[in-house]
Amino acid sequence: MKKALLGLACIATLMTSCKKETKEEVKEATEAVGNEMEEAIDTAAVKVDAAADSTKVKAGEVLEKGADKMNQAAEKLKEAAKK
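Keep in mind it's a predicted model, so treat the numbers as computed, not measured. (Residues numbered from 1 in each chain as written. Predicted model: local features only at pLDDT ≥ 70, side-chain atom pairs only at ≥ 80, totals over all residues. Heavy atoms only, no water.)

Draft legend 1. Seen up close, the overall build of the protein. Across its full length, the protein carries one helix and zero strands. Here the protein holds 83 residues, and the buried ones make up 0% of them. When the accessible area of the protein is evaluated, it comes to approximately 7900 Å², of which 64% is carbon and sulfur surface. (Helix = DSSP H or I, 4+ residues; strand = E, 2+ residues; numbered from the N terminus. Buried < 20%, exposed > 50% of the residue type's maximum accessible area, 1.4 Å probe, protein only. Areas by Shrake-Rupley, 256 points an atom, 1.4 Å probe, with all protein chains shown as cover.)

What follows is the structure in structure tokens.
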């Protein structure tokens, strides 16, 4: 009887310690996933900022080209009006 109770006590102790280890592993895994998500969000934010900056530069270039063409067309109209 004592051996059976001792065996059950050992099994209960092992199960309890396993639960603690499992809880710690789950906590560590949760923290790792949280850290990875934060890194992914930071990386995405950097990429979005870079894309926005690139788009601003490209839009500025397009606007400059459009303005140059408008100036050329205006000059042609002035010359045509003088003739």
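Draft legend 2. Molecular detail of a nonpolar patch on the surface. Taken together, the side chains of Val 33, Met 37 and Ile 41 present a nonpolar region at the surface, about 300 Å² in accessible area. Its place among the elements puts Ile 41 in helix 1 (residues 2–82). (Patch = residues over 30% accessible without salt bridge, like charges linked within 9 Å, V, L, I, M, F, W, Y side chains within 5 Å. Salt bridge = Lys/Arg side-chain N within 4 Å of Asp/Glu carboxyl O.)

Draft legend 3. View of a negative patch on the surface. Taken together, the side chains of Glu 21, Glu 24, Glu 25, Glu 28 and Glu 31 present a region of like negative charge at the surface. Mapped onto the elements, Glu 25 comes out in helix 1. Since its relative accessible area comes to 53%, Glu 25 is described here as exposed. (Lys, Arg positive; Asp, Glu negative; His and termini not counted. Charge placed at Lys NZ, Arg CZ, Asp CG, Glu CD.)

All quantities given are derived from atomic positions and should not be read as evidence of function.
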